[in-house]
Amino acid sequence: MAGTRARRALTVERSAAGLAAFVLAVTAAALIGVFSAAETADEYARLRQPAWAPPSWVFGPVWTVLYATIALAGWDVWRRLGWRGSRLALTLYFGQLVLNAAWTPLFFAADLRGLAFAEIVVLWLVLSGTVAAFFRAAPRAGWLMVPYWAWTTFAAALNLAVWQLNAGG
């Protein structure tokens, strides 16, 4: 009985450490965006935008929820299959996190809206692969990624519209 409890405690500790690792990875991606362009809300407000663009205050709460679900989804796949059993799914996952982190510096800090659009298209493709791989590995994780995929689809359309509305100006 004591051996079973020790194994279970180790599993709980390992699972908690894994969750912490996924939270840290997602937090790092988020902080790159936050620290790369300090005045994103002001910059966003100065840009010409389509009528359907959300106000800048929407982005913080939306991304907070999305980053939480992204971390939980990655952790769920890892917890169910481990690194070896989910190599493709988690490689795509970490690839999309890198692409996610790169978008804000391109769009806001560097003012490269066209390159940011190309980058978000690549992000969308890698993210689509991640969602598909997660559905195969752990359906709950796939569903956790769907809101992020939908928001990225919306963000790509918004990026394109803002780029077009602000070209040359």
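None of these values were measured; they are calculated from a predicted model.

J.: Describe the side chain of Asn166, with residues and values.
T.: Inspection of the secondary structure assignment puts Asn166 in the segment after helix H6 (139-165). One polar contact links the side chain of Asn166 to the main-chain carbonyl oxygen of Val162, over a distance of 2.7 Å. Non-local contacts of Asn166, meaning those with residues more than four positions away in its chain, are made with Leu47 and Arg48.

J.: Describe the packing of helix H4 (residues 87-109) against H6, naming the residues involved and giving the relevant values.
T.: Relative orientation and spacing of two packed helices are given, respectively, by the angle between their axes and the distance between those axes. Here H4 crosses H6 at 30°, and the two axes come no closer than 13 Å. Looking at the two axes, H4 sits roughly parallel to H6. By crossing handedness, the relation of H4 to H6 is classed as left-handed. Residue-level contacts link Tyr93, Gln96, Asn100, Trp103 and Phe107 of H4 to Met145, Tyr148, Asn159 and Val162 of H6. Each residue belonging to the contact of H4 with H6 can be placed in one class, and the counts come to six nonpolar, three polar and no charged.

J.: Account for unusual backbone geometry, naming residues and giving values.
T.: Note on backbone geometry: most residues besides glycine have negative phi, and most peptide bonds are trans. The phi torsion at Asp111 lies on the positive side, around 55°, for a residue other than glycine. Along the chain, Asp111 turns up in the loop between H4 and helix H5 (113-137).

J.: Residue-level account of the packing of H5 against H6, with values.
T.: Contact pair H5 / H6: the axes reach a minimum separation of 9 Å and the direction vectors enclose 165°. The angle between H5 and H6 places the two elements in the roughly antiparallel class. Along this stretch, H5 crosses H6, giving a crossing that reads as left-handed. When the residues that make up the contact of H5 with H6 are grouped by side-chain class, the tally is 22 nonpolar, seven polar and one charged.

J.: So what's going on with H5? Residues and values would help.
T.: The end-to-end C-alpha distance of H5 is 35 Å, a good match for the 36 Å that 25 residues give at a rise of 1.5 Å each. Looking at H5, one finds that the buried residues are Arg113, Gly114, Ala116, Phe117, Glu119, Ile120, Leu123, Leu127, Thr130, Val131, Ala133 and Phe134. On its buried face, H5 is in contact with helix H2 (40-46), helix H3 (59-85), H4 and H6.

J.: Would you mind going over the nonpolar core in detail, with residue names and values included?
T.: In globular proteins that are soluble, nonpolar side chains generally tend to be buried together. Grouped together as the largest cluster of nonpolar side chains are 44 residues, with contacts concentrated most on Ile70, Tyr93, Phe134 and Met145. Of all the elements in the fold, those that place two or more residues in this core are helix H1 (2-36), H3, H4, H5 and H6. Considering each element in turn, this core owes the most residues, ten residues, to H4.

J.: Give a detailed account of the pattern of salt bridges, specifying residues and quantitative values.
T.: The tally for this structure, following the rule as stated, stands at six salt bridges. Notably, a salt bridge pairs Arg46 with Glu43, separated by 3.3 Å at the nearest N-O pair. Within this pair, Arg46 and its partner Glu43 are both found in helix H2, separated by three residues, close to a single helical turn. Between Asp76 and Arg79 there is a salt bridge, and its shortest N-O distance comes to 2.7 Å.

J.: Can you lay out the packing of aromatic side chains for me, pointing to particular residues and giving the numbers?
T.: Per the counting criterion, the structure on display carries 20 aromatic pairs. Between the aromatic rings of Phe22 and Phe94, the centroid separation amounts to 5.7 Å while the plane-to-plane angle is 25°, which identifies the pairing as stacked. One end of the pair, Phe22, is in helix H1; the other, Phe94, is in helix H4, with 72 residues separating them in the sequence. The class of Phe22 is buried, set by a relative accessible area of 1%. Judged by centre distance (5.6 Å) and plane angle (65°), the ring pair of Trp52 and Phe154 falls under edge-to-face. Placement of the pair is Trp52 in the loop between H2 and H3 and Phe154 in helix H6, with a sequence separation of 102 residues. Note on Phe154: relative accessible area 26%, which makes it partly exposed. One aromatic cluster is present, built from ring pairs that chain together Phe22, Trp78, Trp83, Tyr93, Phe94 and Phe134. Sitting over the ring of Trp75, Arg79 keeps its end group 4.8 Å from the ring centre. When the ring centre of Phe107 is taken as origin, the NZ or CZ atom of Arg113, which lies over that ring, is 4.6 Å away.

About the cut-offs
Residues numbered from 1 in each chain as written. Predicted model: local features only at pLDDT ≥ 70, side-chain atom pairs only at ≥ 80, totals over all residues. Heavy atoms only, no water. Helix = DSSP H or I, 4+ residues; strand = E, 2+ residues; numbered from the N terminus. Polar contact = N/O pair within 3.5 Å; in protein donor to acceptor, adjacent residues only side chain to side chain. Contact = heavy atoms within 4.5 Å. Axes fitted to C-alpha atoms, helices over the stretch in contact; angles between N-to-C directions. Parallel < 35°, antiparallel > 145°, perpendicular 65-115°, else oblique. Left-handed = near helix turned anticlockwise from the far one by under 90°. Nonpolar A, V, L, I, M, F, W, Y, C, P; charged D, E, K, R; others polar. Expected span 1.5 Å × (residues − 1). Buried < 20%, exposed > 50% of the residue type's maximum accessible area, 1.4 Å probe, protein only. Core = buried A, V, L, I, M, F, W, Y, C linked by side-chain atoms within 4.5 Å. Salt bridge = Lys/Arg side-chain N within 4 Å of Asp/Glu carboxyl O. Phe/Tyr/Trp six-rings, centres within 6.5 Å; stacked < 30°, edge-to-face > 60°. Lys NZ or Arg CZ within 6 Å of the ring centre and 35° of its normal.

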